[in-house]
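If you want the building blocks of each chain, they are given just below.
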Amino acid sequence: MEKKELRTKAVRWAIAATIVTWGLLSFIIVCGEDNPLHPMSAGRFVMLKVLGGVSLLACMAVAKWCVGHGLFPEVEDE
């Protein structure tokens, strides 16, 4: 395997890992609950959920764009 090929695969996997991490963090924000010992206001709670949802939708759009442009690694099925 050439260095250029190896570098391309590494960059593709790094992009995939970054997008997956972003999506997981957004999902955690959307699904998380308030701490009952230190409650936040309803407005702040709703704002966090909306921003988490927007972030998750943006992550999905970026992932779809990356797949369309061939920036995700190809997984070999056996």
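Residues numbered from 1 in each chain as written. Predicted model: local features only at pLDDT ≥ 70, side-chain atom pairs only at ≥ 80, totals over all residues. Heavy atoms only, no water.

Novice: Just to check I follow, could you spell out the side chain of Ser 26 for this structure?
Specialist: Structurally, Ser 26 can be placed in helix α1 (residues 3-31). Its relative accessible area of 3% is what places Ser 26 among the buried residues. (Helix = DSSP H or I, 4+ residues; strand = E, 2+ residues; numbered from the N terminus. Buried < 20%, exposed > 50% of the residue type's maximum accessible area, 1.4 Å probe, protein only.)

Novice: Is there a simple way to explain helix α2 (residues 42-68) in this structure?
Specialist: For an α-helix, 3.6 residues make a turn, and residues three or four places apart therefore share a direction. Here α2 contains 27 residues, and its C-alpha end-to-end distance of 39 Å stays within 8% of the 39 Å for a straight helix at 1.5 Å per residue. Positive phi shows up at Gly 70, right after α2, with a value of about 70°. (Expected span 1.5 Å × (residues − 1).)

Novice: Just to check I follow, could you spell out α1 for this structure?
Specialist: Taking 1.5 Å as the rise per residue, α1 with 29 residues should run 42 Å; its terminal C-alpha atoms sit 42 Å apart, in good agreement. Residues Ala 16, Ile 19, Gly 23 and Ser 26 constitute the buried set of α1. Against the buried residues of α1 lie α2. (Contact = heavy atoms within 4.5 Å.)

Novice: So what exactly am I meant to see when it comes to a negative patch on the surface here?
Specialist: The grouping of Glu 74, Glu 76, Asp 77 and Glu 78 at the surface amounts to a negative patch. By the secondary structure assignment, Glu 76 is in the segment after α2. (Patch = residues over 30% accessible without salt bridge, like charges linked within 9 Å, V, L, I, M, F, W, Y side chains within 5 Å. Areas by Shrake-Rupley, 256 points an atom, 1.4 Å probe, with all protein chains shown as cover. Salt bridge = Lys/Arg side-chain N within 4 Å of Asp/Glu carboxyl O. Lys, Arg positive; Asp, Glu negative; His and termini not counted. Charge placed at Lys NZ, Arg CZ, Asp CG, Glu CD.)

Novice: Explain the packing of α1 against α2 here, please?
Specialist: Relative placement of two packed helices is described by the angle separating their axes and the distance separating the axes. For the pair α1 and α2, the least separation of the axes is 8 Å and the interaxial angle reads 155°. The pairing of α1 with α2 is recorded here as roughly antiparallel in orientation. The two elements α1 and α2 cross, and the hand of that crossing is left-handed. Listed contacts from α2 to Ile 15, Ile 19, Trp 22, Gly 23, Ser 26, Phe 27, Ile 29, Val 30 and Cys 31 of α1 are Leu 48, Lys 49, Gly 52, Gly 53, Ser 55, Leu 56, Ala 58, Cys 59, Val 62, Ala 63 and Cys 66. Among the residues forming the contact of α1 with α2, the class breakdown is 14 nonpolar, 5 polar and 1 charged. (Axes fitted to C-alpha atoms, helices over the stretch in contact; angles between N-to-C directions. Parallel < 35°, antiparallel > 145°, perpendicular 65-115°, else oblique. Left-handed = near helix turned anticlockwise from the far one by under 90°. Nonpolar A, V, L, I, M, F, W, Y, C, P; charged D, E, K, R; others polar.)

Novice: Help me understand the environment of Glu 74 in this model?
Specialist: Here Glu 74 is to be found in the segment after α2. For Glu 74, a relative accessible area of 70% gives the class exposed. For the pair Glu 74 and Val 30, spaced 44 residues apart in the sequence, the C-alpha separation amounts to 29 Å.

Novice: Can you help me understand the state of the cysteines in this one?
Specialist: Structurally, a disulfide amounts to a covalent bond that connects the sulfur atoms of two cysteines. Scanning the model with the defined rule gives 0 disulfides in all. Just so you know, Cys 31 is unpaired, no disulfide at all, and the nearest cysteine sulfur is the one on Cys 59, 14 Å from it. Under the relative-accessibility criterion, Cys 31 is labelled partly exposed at 44%. (Disulfide = S-S within 2.5 Å.)

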